Amino acid sequence: WLEFGPEIREKGATITATGRAPGGDRLQSRFGVGLYGKNGFQLRLVPVRQEIELVRRGEVLVSRPFPHDPAEMQQIELSVRPERQHWIVSGRVWKDGGERPDQPLFEHKIFAVELLFPLAGRSVLFATPFSGEPVAFASAVVMPGPAK
């Protein structure tokens, strides 16, 4: 768990990172990015199940299939934007060097009243190295507002 950049408080933001988590058949690491620290949102790549997950406070909110080769670098993008009395959280993942998808893999609506804590905290890179091989991040960028 690595927090970086300035604290973002109650406004939209986007984090994009490039990384990979190689591993064997059943022992594969997982990794991802997050916004707003421990109480915020995390987008996690889970190679063993060929899925991505949107996680908040340890609970998986959304899970989508995403077939990929764990040995290849992937671009991961998590974006949060305000909309009236709620937040729209979206995620994209694509092979490094490929075209960024026009449409996100998911968009999830969270109402402000559902949040036990306000959205505030630093951006995050995280990994769970189950495989015994190192998880690698090549780059990470956080920016205010939604990705363009």
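First things first, this report covers the structure right here in the doc. (Residues numbered from 1 in each chain as written. Predicted model: local features only at pLDDT ≥ 70, side-chain atom pairs only at ≥ 80, totals over all residues. Heavy atoms only, no water.)

### Considering the sheet that holds strand S7 (residues 74-83)
Okay, so step 1: Taken together, the 5 strands give an open sheet; going across it, the order is S9-S8-S7-S2-S11, and neighbouring strands pair in antiparallel fashion. If you trace the sheet from one side to the other, it starts and ends with strand S9 (106-111) and strand S11 (136-144), each paired once. Between one strand axis and the next, the sheet turns by 15 degrees as a mean value, whatever way the strands run.
Okay, so step 2: Bridging between S7 and strand S8 (residues 86-95) involves 10 bridges; their strand directions are antiparallel. Note on S8: the bridge partner recorded for Pro-82 is Trp-87. (Pairing = 2+ DSSP bridges. Helix = DSSP H or I, 4+ residues; strand = E, 2+ residues; numbered from the N terminus. Axes fitted to C-alpha atoms, helices over the stretch in contact; angles between N-to-C directions.)

### Some points on the packing of aromatic side chains
Okay, so step 1: Taken as a whole, this structure holds 2 aromatic pairs when the rule is applied.
Okay, so step 2: Measuring from ring centre to ring centre gives 5.8 Å for Phe-31 and Phe-137, while their planes differ by 75 degrees; the resulting arrangement is edge-to-face. Taken together, the positions of Phe-31 in strand S3 (residues 30-35) and Phe-137 in strand S11 put the pair 106 residues apart, joining distant regions of the chain.
Okay, so step 3: Look at Phe-31 and you get buried, because its relative accessible area is 1%.
Okay, so step 4: A cation sits over an aromatic face here: Lys-38 above Trp-1, 4.2 Å from the ring centre.
Okay, so step 5: Here the basic side chain of Arg-56 rests over the ring of Phe-41, its NZ or CZ set 5.7 Å away from the ring centre. (Phe/Tyr/Trp six-rings, centres within 6.5 Å; stacked < 30°, edge-to-face > 60°. Buried < 20%, exposed > 50% of the residue type's maximum accessible area, 1.4 Å probe, protein only. Lys NZ or Arg CZ within 6 Å of the ring centre and 35° of its normal.)

### A word on the sheet that holds strand S4 (residues 41-46)
Sheets are built from strands paired through backbone hydrogen bonds, the pairs being either parallel or antiparallel.
Okay, so step 1: Taking strand neighbours across the sheet as the criterion, the 6 strands line up as S1-S10-S3-S4-S5-S6 in an open arrangement whose pairing is antiparallel. Taken across any chain shown, the strands that pair with only one partner, and hence form the sheet edges, are strand S1 (2-9) and strand S6 (59-65). The mean inter-strand angle of the sheet, taken between neighbouring strand axes irrespective of direction, is 20 degrees.

### Quick notes on the environment of Ala-147
Okay, so step 1: Along the chain, Ala-147 turns up in the segment after S11.
Okay, so step 2: Ala-147 sits in the partly exposed class, given a relative accessible area of 24%.
Okay, so step 3: When the C-alpha positions of Ala-147 and Gln-42 are compared, they lie 16 Å apart, and in sequence the two are 105 residues distant.
Okay, so step 4: Dropping the residues within four chain positions of it, Ala-147 is found in contact with Thr-14, Glu-77, Ser-79 and Arg-100. (Contact = heavy atoms within 4.5 Å.)

### Comments concerning the nonpolar core
Okay, so step 1: Membership of the largest hydrophobic core comes to 27 residues, with the highest contact counts inside it found for Phe-41 and Leu-78.
Okay, so step 2: Among the secondary structure elements, those contributing two or more residues to this core are strand S2 (13-20), S3, S4, strand S5 (51-56), S7, S8 and S9.
Okay, so step 3: Those residues within four positions of Leu-78 in sequence are excluded, and the remaining contacts are Ala-13, Thr-14, Ile-15, Val-33, Gly-34, Leu-35, Phe-41, Gln-42, Leu-43, Leu-54, Val-89 and Ser-90. (Core = buried A, V, L, I, M, F, W, Y, C linked by side-chain atoms within 4.5 Å.)

### Considering the pattern of salt bridges
Okay, so step 1: Within the structure shown, the criterion is met by 9 salt bridges.
Okay, so step 2: One salt bridge connects Arg-49 with Glu-51, and the closest N-O pair in it is separated by 3.0 Å.
Okay, so step 3: Exposure remark for Arg-49: the relative accessible area of 45% places this residue in the partly exposed category.
Okay, so step 4: Glu-77 is paired through a salt bridge with Arg-92; the nearest N and O atoms lie 3.1 Å apart. Highlighted residues: Glu-77 in strand S7 and Arg-92 in strand S8, separated in sequence by 15 residues.
Okay, so step 5: Owing to a relative accessible area of 4%, Glu-77 belongs among the buried residues under this scheme.
Okay, so step 6: Within this structure, Arg-44, Arg-49, Glu-51 and Glu-53 form a network of salt bridges that share partners. (Salt bridge = Lys/Arg side-chain N within 4 Å of Asp/Glu carboxyl O.)

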